[in-house]
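# Chain and residue survey
Residues per chain are reported as follows:
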Amino acid sequence: MLRRTALSAAALLAAGTLVLAGCTGGADPAPSETVGVPNPDASVSIRLVLEPSNLDIRQTAGISLDQTLIDNVYQGLVARTAEGEIVDSLASSHEVSPDGLTYTFTLRDGVTFHDGQPLTAQDVVSSLTTRQSTPEWADSERLANIASIAADGQTITLTLTQPDSALLWNLTGRAGIILKEGDAVDYNTAANGTGPFRLANWRQGASLTLERNDAYWGDPAQVADVTFDFIPDNQAAINAALSGEIDVIVGFDATLADQVEASGDFTVETGSATDKSVLAMNSTTEALADPRVREAIRTAIDHEAIVEAIGAGQTLFGPIPEPDPGYEDLSDVVSYDPDVARTLLSEAGVEDLSLTLTIPSAYGSTLSQILVSNLNDVGIDLRVDPVDFGTWLSDVYTNKDYELSVVNHAEPRDFENWADPDYYFTYDNPEVQELYAQSLAATDEAAASDLLAQAARIVSEDHAADWLYNWASVVAVATNVSGMPVDNVNARIDLAEIAKSDG
Amino acid sequence: MTRYALTRLGLLLLGLVVASVLIFLTLRVLPGDVAQQIAGTNSTPEQVAAIRERLGLNVPLPVQYAEWVGGLLTGDLGASLVTGTPVVAELAAKAQVTIPLGLMSMAVALLIALPFGILAALRRGRADGTFLSFGAQTLAAVPVVWAGMMLVVVFAVWLGWLPAQGFPRDGWREPGRAFASLVLPAVTIGVVEGAMLMRFVRSATLAAMGQDFVRTAAAKGLTRRAALLRHGLPTVGLSIISVLGLQVAGIVVGAVVIEQLFTLPGIGRMLVADVGLRDLPKVQGELLALTAVVLVVGFIVDLVHRGLDPRQREVS
């Protein structure tokens, strides 16, 4: 079973534009308070790095669709907070039976879609059933354990074939989005959801605008509209912010914090994120089949120096980042020591090792330069092959034709890729696969998380890959804007609370 | 003249056919495809295969080419595989940014190149003429991206006169705002292109000054400047018309870079995004349309040149 992995080019770009290194952003995760009274007619502009290729939330991959449309336009029975808690959304309450086999949701009354049609229990049944039975849609597998979906009045009951501790979480994502049954909307270019904002305008190559849904079932949005401006270049984004064209910079390069804070109109805020910069090591290649060689590579890398160069985030020594269940500090597994790395290489009988790193060119060169220097230090000749993302998808992801690869995996709770021997990580350990299956089948949250932690330790001790850093969620927010989420904005941006004063 | 025009038209059509084959084939060399992009990094090979099948990517290449050319002959440039939008509609929407940007860049380039180029020629050998030539050499060597960044810092960030990036969300509904958002990008392209064009104007002017008929006019009593302005400038104009045809290609390339830098929703930015997505039917439609523009402008320039230049008329 595969789990979604989203890639955040924000992190790539941040890593790439480190010319003005030296300063780091503030570490206050609390959203800034508005100075002045919020103006309900205000417009907010938010810069994003990546734009969606189309708007089809059902099947088009890409984190920018999650950032712009989920929570704001589309909703599920349950939702997740920026901190990763599961809360009710279109369901007014939910209950899981002690055996973990029955999920009962009570659907909220009086909810309408943006086009005015009412939300019915049948819409929920049809949304989940259609997704489950359309294998072409990646998230269909997330509902694989559901045996039946039934509605009785406003009560919706899911019956499972086996317990699935990830199901509720999956329902907060794309797998759980509720659409109108038989809707005629062209999902490629339009949207019809139940959220606090409706899609007003999408101008490909420029921006996507959401406007307040005045018929929203919950508390109405506090601004008239929000526009996401897609600005790939960090410096261009800062210029736009300084000249008053945008209010929020998402995917902010923490090393440039001084530039925007000096104006007094912006504060830079840093929250936690689940972005994992994964140095994948293809263990099916002759050079990397020996775990001692992989350990040597990990030991040769100065993770502290990388975090310092990125300007935000923290070191990470295993597949699960701190915000996710199953996290454990695994820094005891490897520590930076070039001498140990050289010893490991000679024990493995490796001399004159030469490796190629395939890396999406959007990441820039900072990360590659550090890796080249670190590995060169222990006698490994690293050649860097920057490719465009389409080439990376083809060569590395699909054909597994690579030795080393770096990609930022932004998606939360994506441990399952380590339990999937067909994933491009090429990691195949039945013990880890078994622990992961047990974790899914656990009906107790603490037990599920403990099993994940055991599996994660094995992955790290096997040196299946290296984790270069766990990025932070960095935003620059105008001082007259409040309610901007700070945590995990690389994956989701819930605009329900955002407000702007005229000050 | 008619025979020349017909021959030239034949060459234009041949050029389009060759371009269509080259565009089609070179795009197929790119690794990866749009199905992988849509499916992303949480997909199984089966899912990618299903999307590939649905989008018709498994159809043999000769058949794909034949279908594309068949569509072209009926005026259909194809449609995006990702959004389903027709290429013609996409081009029309993005042309609202790119065509005004191109024209404004051209105007800026000419405003710089003509007066300073002619002046530099007239003042050749003197300090101010040398300074102008040197300035043009320097400006022409400036990277477009750097020039753009500097202009943004001064006119958008410091002075706040013009937008730093972007294009109004409602397009040309407020022409003043739309125009303002294109000024910095157009000046960025125009200054660099203008500096290159200026060197050309200078040498064309110098060549004209050496022409027999200009020297004869001077010998008959006109001042050197009057002889140049009255008799020499028409030949300078002819040379510039020829070069402008080439400048169109330069401005298209400039637009690709500048639209990224200023986040303008134009044809250049769309092309880069579509190549990244591997939306090949859309990319090939866009590239062919751009190629056609460059070829047709070249065709018109040649005809105009021939129509205006009495010496070329005599030869034919």
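About the cut-offs
- Residues numbered from 1 in each chain as written.
- Chains lettered and ligands numbered in written order.
- Predicted model: local features only at pLDDT ≥ 70, side-chain atom pairs only at ≥ 80, totals over all residues.
- Helix = DSSP H or I, 4+ residues; strand = E, 2+ residues; numbered from the N terminus.
- Buried ≥ 20, exposed ≤ 12 C-beta atoms within 10 Å, placed from the backbone.
- Contact = placed C-beta atoms within 7 Å.
- pLDDT = per-residue confidence, 0-100.
- Core = buried A, V, L, I, M, F, W, Y, C linked by C-beta atoms within 7 Å.
- Pairing = 2+ DSSP bridges.
- Axes fitted to C-alpha atoms, helices over the stretch in contact; angles between N-to-C directions.
- Parallel < 35°, antiparallel > 145°, perpendicular 65-115°, else oblique.
- Left-handed = near helix turned anticlockwise from the far one by under 90°.
- Nonpolar A, V, L, I, M, F, W, Y, C, P; charged D, E, K, R; others polar.
- Expected span 1.5 Å × (residues − 1).
- Arc of directions from axis to C-beta.

A tally of regular secondary structure across chain B gives 13 helices and zero strands. In chain B, the order of α-helices and β-strands from amino to carboxyl end is α-α-α-α-α-α-α-α-α-α-α-α-α. For the C-alpha atoms alone, the extent of chain B along its principal axes is close to 85 × 60 × 35 Å. Counting across all 316 residues of chain B, residues that qualify as buried make up 35%. Contacts in chain B between residues at least 24 apart in sequence constitute 71% of all its contacts with a sequence separation of at least 6.

Here we take up the confidence of the model for chain B. Per-residue pLDDT for chain B averages 85, and the proportion of residues at 70 or more is 98%. The complex model carries a pTM of 0.87, and its ipTM stands at 0.82.

As a further point, take the nonpolar core. Core analysis: the biggest nonpolar cluster contains 211 residues, and Ala241(A), Val248(A), Ile249(A), Val250(A), Val475(A) and Ala476(A) have the highest contact counts within it. No other element matches the 13 residues that helix α8 (residues 175-209) of chain B contributes to this core.

Glancing now at the sheet that holds strand β6 (residues 146-152) of chain A. Residues and elements named next belong to chain A. Spatially, the four strands line up as an open sheet ordered β4-β5-β7-β6, and their pairing is antiparallel. Of all strands in the sheet, those bounded by a partner on one side alone are β4 (91-96) and β6. In this sheet, neighbouring strand axes are inclined to one another by 15° on average, regardless of whether the strands run parallel or antiparallel. Contacting β5 (102-107), β6 and β7 (155-160), helix α3 (residues 121-132) runs over the sheet at an angle of about 165° to β6.

Residues and elements named next belong to chain A. Of all six residues in strand β13 (residues 276-281), six are buried, a share of seventy percent or more. Residues Lys 276, Val 278 and Ala 280 of β13 are buried on one face, and the alternating residues Ser 277, Leu 279 and Met 281, pointing to the opposite face, are buried as well. Strand direction decides the pairing type here: β13 and strand β16 (residues 404-409), joined by six bridges, are antiparallel. Considered in β16, the bridge of Ser 277 is made with Asn 408. Both β13 and strand β17 (residues 465-470) contribute to a ladder of five bridges, which runs antiparallel. Within β17, the residue paired with Ser 277 across the bridge is Tyr 469.

Attention now moves to the packing of helix α12 (residues 430-441) of chain A against helix α13 (residues 445-461) of chain A. Residue and element names in this part refer to chain A. Following both chains from N to C, one finds α12 and α13 inclined at 165°, their axes separated by 8 Å at the closest point. One element, α12, and the other, α13, form an angle in the roughly antiparallel class. The hand of the α12/α13 crossing is left-handed. Of the residues in α13, those touching α12 at Glu 431, Val 432, Leu 435, Tyr 436, Gln 438 and Ser 439 are Ala 448, Leu 451, Leu 452, Gln 454, Ala 455, Ile 458 and Val 459.

Take the environment of Asp258(A) next. Secondary-structure assignment places Asp258(A) in helix α6 (residues 257-261). With 10 residues separating them along the chain, Asp258(A) and Val268(A) place their C-alpha atoms 8.9 Å apart.

The next point concerns the interface of chain B and chain A. Contacts between the two partners involve 38 residues from chain B, matched on the other side by 41 residues from chain A. Counting only elements with at least two residues in the side of chain B that touches chain A, the list comes to α2 (34-39), α3 (45-55), α7 (144-158) and α11 (267-277) of chain B. When residues of the side of chain B that touches chain A are assigned to their parent elements, the largest contribution, five residues, is made by α11(B). Its residues assigned to classes, the side of chain B that touches chain A comprises 19 nonpolar, 16 polar and three charged.

This part is about the environment of Val144(B). The topology assignment puts Val144(B) in helix α7. What Val144(B) contacts, discounting residues up to four positions off in sequence, is Thr188(B), Ile189(B), Val192(B), Gly254(B), Val257(B) and Ile258(B).

Before going further, it helps to examine the pairing of β6(A). Residue and element names in this part refer to chain A. Across the seven residues that make up β6, only a small minority, zero, are buried. With six bridges connecting them, β6 and β7 associate as antiparallel partners. Looking across to β7, one finds that Ala 151 is bridged to Ile 156. Between β6 and β7, which pair antiparallel one after the other, the connecting turn spans two residues, and Gly 153 there sits at a positive phi close to 60°.

Attention now goes to the environment of Ala491(A). Residue and element names in this part refer to chain A. Inspection of the secondary structure assignment puts Ala 491 in the loop between β19 (481-482) and β20 (499-500). Owing to 23 C-beta atoms within 10 Å, Ala 491 belongs among the buried residues under this scheme. Separated by 217 residues in sequence, Ala 491 and Thr 274 place their C-alpha atoms 8.4 Å apart.

Take the sheet that holds strand β1 (residues 43-48) of chain A next. Residue and element names in this part refer to chain A. Pairing within the open sheet is mixed, and its seven strands lie in the order β8-β9-β10-β1-β11-β18-β12. Two strands close off the open sheet at either side, each with one partner strand: β8 (197-203) and β12 (266-271). With direction set aside, neighbouring strand axes in the sheet form an average angle of 20°. Relative to strand β18 (residues 473-478), β12 runs antiparallel, the two sharing six bridges. Looking across to β18, one finds that Val 268 is bridged to Ala 476.

Here we take up the confidence of the model for chain A. Residues at a pLDDT of 70 or more form 93% of chain A, whose mean pLDDT is 90. Ignoring residues within four places in sequence, the model shows residues 1-30 of chain A, a span with pLDDT below 50, making 112 contacts including any to other chains.

A pair of packed helices is captured by two measures, namely the crossing angle of their axes and the spacing between those axes. Two numbers describe how helix α5 (residues 234-242) of chain A lies on α7(B): the axes approach to 10 Å, and their chain directions differ by 10°. If you check the angle between α5(A) and α7(B), you find them roughly parallel. Viewed along their axes, α5(A) and α7(B) form a crossing whose handedness is left-handed. Between α5(A), through Gln235(A), Asn239(A) and Leu242(A), and α7(B), the contact on the second element is made entirely by Met149(B), Val152(B), Ala156(B) and Val157(B).

Attention shifts here to α3(A). Residues and elements named next belong to chain A. Counted at 1.5 Å a residue, the expected span for α3 with its 12 residues is 16 Å, and the 17 Å between its end C-alpha atoms agrees. Where α3 is concerned, the buried positions are Asp 123, Val 124, Ser 127, Leu 128 and Arg 131. Down the axis of α3, the buried side of the element spans an arc of 120°, and every buried residue falls inside it. Of the surrounding elements, those touching the buried residues of α3 are β5, β6 and β7.

In this section: unusual backbone geometry. Residues and elements named next belong to chain A. Unusually for a residue other than glycine, His 463 sits at a positive phi of about 50°. By secondary structure assignment, the location of His 463 is in the loop between α13 and β17. Note on His 463: 23 C-beta atoms within 10 Å, which makes it buried. The phi dihedral of Asn 488 falls on the positive side, at around 55°, and the residue is not glycine. One can find Asn 488 in the loop between β19 and β20.

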